[in-house]
Amino acid sequence: MEGVAGIATLDQILRGGFGYARAQELMTEEANAAIAGAFDGGATEVVVNDSHGTMDNLIHERLDPRARLVFGAPKAQCMAEGMTAECVVALFVGYHAPAGAPGVLAHTFSSHFGEVRFNGSPVSEAEVNALHATSLGIPVGLVSGDDVISTIATEAFPGAEIVTVKTAHGFSATDSVSPRVARDLIRESAARATSGATDLTVPSLPSTFTVEVDMPSPLGAELAANIPGCSRTGDRTVSADVTGPSEVIGLINVLYELAAASERTRLAVVNRR
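Small disclaimer: the values here were computed from a predicted structure and weren't measured.

Undergrad: Run through the sheet that holds strand β5 (residues 121–122), naming residues and quoting values.
TA: Strands belonging to one sheet form pairs held by backbone hydrogen bonds; the direction of such a pair is parallel or antiparallel. If you trace the five strands from one edge of the open sheet to the other, you get β5-β4-β9-β11-β10, paired in antiparallel fashion. Because the sheet does not close on itself, it has two edges, and the strands there are β5 and β10 (230–232). Pairing between strand β4 (residues 115–118) and strand β9 (residues 210–214): four bridges, direction antiparallel. Within the sheet, the bridge partner assigned to glutamate 115 lies in β9 and is aspartate 214.

And the structure:
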C-alpha cells in the first residue's frame, strides 16, 4: 500500500485511520490495473497476494474476478506466498523504499526493524521477495512505487518495467501522479512485462544466505538470539546463516513477531508514566 499513488501518510495505511478506506480503494484499483495488464499481455491466470500489514486490505468484491486472491496472515512465504514454478513472471505493485532510505513510509517488513541486510548489504522487500521468485525460476517483470524504490529496482532487476508513481518529499510526504495516470502506466507496463517475460533473465542465486536484522531494542535482540542458529552480533542486531530464500523469509517472519512483542512490552511500561 505504501507505494500506491495518492498514499503518503500513516493515517492512510493503518487500519482505523480516517484515510484507510480510501487507501484500500486506491490499492485495489492499482491491483486491478496490473491484473488487466497481465491478461492484455497474454496471461492465462493471475494470482494476487495481498501483502500489506494484516494482508487483508484489498476490497474483494471490487477486484477483477479473473484473478485469484491470496490474503490473510501469517503466511509461510509472506509477500511471496502463491508463487509456484508454474508462474511466468512476478509483478511487484505498490512497493516502497527499505528501512533507512529516504522514501515514502520506508521500512523493510516491520516498522520496528532498523534495517535488514542480506549478505552484508541493506535490502528492500522487493529484493527479498525476488530471491524466492528466483529460486522458482520466475523473473521480476515490474516494480511500481516511489522514486526511491524505482532507483533500487532499476539496478536490482535489469529489463524489468519500472513505474514511478510518486516522488518522495520525506517519510510521509510525496508528489504523486493522479491515481488514474498511475493505473494506466501500471496496466501498460504489466502487459509489456507479461508478453516479454520469456526475454527476462532470472539471476543466479547467491552461494550464501546471511540475514542480519537491527531489532528495535536490546530486548528484541535478546529474544531473537534464542532462535536456533541466530546470534546476537550487536546491542540490537541479530544474524543468522540460512540455507535458502524460503528460510530467509521464514526467519524475517519470526523476527517480525519478536520485534513487535518486544515493543509491546516496552510501550506497556512507557505508557503507564
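After that view, the rundown keeps rolling.
Undergrad: Explain the pattern of salt bridges to me, using residue names and the numbers behind them.
TA: Across all of its chains, the model carries 11 salt bridges by this definition. In this structure, the salt-bridge partner of arginine 62 is glutamate 29, at a minimum N-O distance of 3.2 Å. Pair noted here: arginine 62 is in the loop between β1 (46–49) and β2 (67–70) and glutamate 29 is in helix α2 (residues 20–40), with a separation of 33 residues, a long-range link. Among the salt bridges present, the one from aspartate 40 reaches arginine 187, with a minimum N-O distance of 2.7 Å. Note that aspartate 40 is positioned in helix α2 and arginine 187 in helix α5 (residues 179–195), a separation of 147 residues in sequence. Here the residues in one salt-bridge network are Arg22, Glu25, Glu29 and Arg62, joined through shared partners.

Undergrad: Could you give me a rundown of the packing of aromatic side chains, with the residues and numbers involved?
TA: For any pair of aromatic rings, geometry is given as the distance between the ring centres together with the angle between the planes. Summed over all chains, the structure comprises three aromatic pairs. Clustering of aromatic rings is evident, with ring pairs tying together Phe92, Tyr95 and Phe157.

Rules and cut-offs
Residues numbered from 1 in each chain as written. Predicted model: local features only at pLDDT ≥ 70, side-chain atom pairs only at ≥ 80, totals over all residues. Heavy atoms only, no water. Pairing = 2+ DSSP bridges. Helix = DSSP H or I, 4+ residues; strand = E, 2+ residues; numbered from the N terminus. Salt bridge = Lys/Arg side-chain N within 4 Å of Asp/Glu carboxyl O. Phe/Tyr/Trp six-rings, centres within 6.5 Å; stacked < 30°, edge-to-face > 60°.

These figures come from the coordinates and say nothing about function on their own.
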